[in-house]
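Secondary and tertiary structure notes
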Amino acid sequence: MVSAYIRIVALFLLSSLAVAANQNQVPSCYKANPKVGLPAPEPLNHLVLIFDETTLLDEPLTQSLVDIVQTNLVAGTAFTILRFSAISQGRYTDIVVHGEIESPILKQKRNSISVPALKTFDACMKGQAVFARDMALNAIASALQRSTSDLRNSDVIASLSDASKVMRESRASKKIVLIVSDMIEHSSITTFYSNSALRKIDPVKEFKAVEAASAMGDFGGAAVYVLGGGLLPVGQVPKGTKKNDSGYRPSQNMAALEAFWNQYFKRSNGILMEFGKPALLTSIKW
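A brief look at the structure comes next.

Basis of the calculations
Residues numbered from 1 in each chain as written. Predicted model: local features only at pLDDT ≥ 70, side-chain atom pairs only at ≥ 80, totals over all residues. Heavy atoms only, no water. Helix = DSSP H or I, 4+ residues; strand = E, 2+ residues; numbered from the N terminus. Buried < 20%, exposed > 50% of the residue type's maximum accessible area, 1.4 Å probe, protein only. Contact = heavy atoms within 4.5 Å. Areas by Shrake-Rupley, 256 points an atom, 1.4 Å probe, with all protein chains shown as cover. Axes fitted to C-alpha atoms, helices over the stretch in contact; angles between N-to-C directions. Parallel < 35°, antiparallel > 145°, perpendicular 65-115°, else oblique. Left-handed = near helix turned anticlockwise from the far one by under 90°. Salt bridge = Lys/Arg side-chain N within 4 Å of Asp/Glu carboxyl O. Pairing = 2+ DSSP bridges.

The next subject is the overall build of the protein chain. A tally of helices and strands in the protein chain yields eight helices and eight strands. Considering the protein chain as a whole, with its 286 residues, one finds that 48% of them fall into the buried category. Of all intrachain contacts in the protein chain linking residues separated by at least 6 positions in sequence, the fraction that spans at least 24 positions is 80%. Taken as a whole, the protein chain presents about 14000 Å² of accessible surface, with 54% of it coming from carbon and sulfur.

The subject of this paragraph is the packing of helix α6 (residues 156-169) against helix α8 (residues 251-267). Where α6 contacts α8, the axes come no closer than 12 Å and their chain directions differ by 25°. Here α6 is positioned roughly parallel relative to α8, judged by the angle of their axes. Note on packing geometry: the crossing formed by α6 with α8 is right-handed. Residues V156, I157, L160 and S161 of α6 lie in contact with α8, whose contacting residues are F260, W261, Y264 and F265.

Quick look at the environment of T62 now. Structurally, T62 is set in helix α3 (residues 59-72). Under the relative-accessibility criterion, T62 is labelled partly exposed at 23%. Here T62 is in contact with L57 and L144, once residues within four sequence places are set aside.

Attention now moves to the pattern of salt bridges. Evaluation of the coordinates by the stated rule reveals nine salt bridges. Here E211 and R267 are joined by a salt bridge, their closest N and O atoms 2.9 Å apart. Here the residue E211 occupies a position in helix α7 (residues 203-212), and R267 occupies one in helix α8, the gap between them amounting to 56 residues. For E211, a relative accessible area of 34% gives the class partly exposed.

Time to look at the pairing of strand β4 (residues 174-180). Among the seven residues in β4, six count as buried, and that is most of the element. With seven bridges connecting them, strand β1 (residues 45-52) and β4 associate as parallel partners. If you follow L49 over to β4, its bridge partner there is L178. Bridge count for β4 against strand β7 (residues 222-227) is five bridges, and the pairing is parallel. Directly across from V180, in β7, lies its bridge partner L227.

Below, the structure written as structure tokens:
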């Protein structure tokens, strides 16, 4: 079944040497099997992963991320993986990969399609699911490998504002955004650090700074989850600051950080379902 789909992928690559990052990079089984006589349906779900390249995940957090992706990449799901760090040379918000796992043919429509056509189509669909999941996991591995603490700034707010456009333009009825980041801003808009450690911010004051910078986003009503909130491994601090952070995050500081982001997403047409500090304690599924 996978080999049949690989042949379709090969034809796809020959017919299109370059695919734009925001286009579907998973070849369609509907287009590859015109004998079924049906157009490819629109995705029902859309999963967006946004990686902060200044945040380094440990093994348990990485595994939880993989588990979330494998659970939610089901039939009828589009997925988009983006990355960001600081807005500097070679580091900016961009789409790593975008793909779609198509929905199967509805049962009532299968009766009007020939058995050979259905057999070929079904084999293609099974291969497509494997291909798409492998593509997503490889993109995640690539994003994680690029992560580094050797950056002076972290433009979380502006980058999320840019990334939110993907959700705003999505036509899926169910939308999930998973942000892999410590969510600690350190940019020209504001900084959440003081003496290289997370300070207790004033959420109202910081939110006014975001509004003044016109850095709000539009997440299209998506459910938003954060993995890695407040995470900063021992000795890992923004470049140019003193390495005196013990890695401890006072609960009051974390509560203020979460309050700020809760307000940000609320005003950016998103719903913050859980702010992982750093791990998520609830499951994510459609």
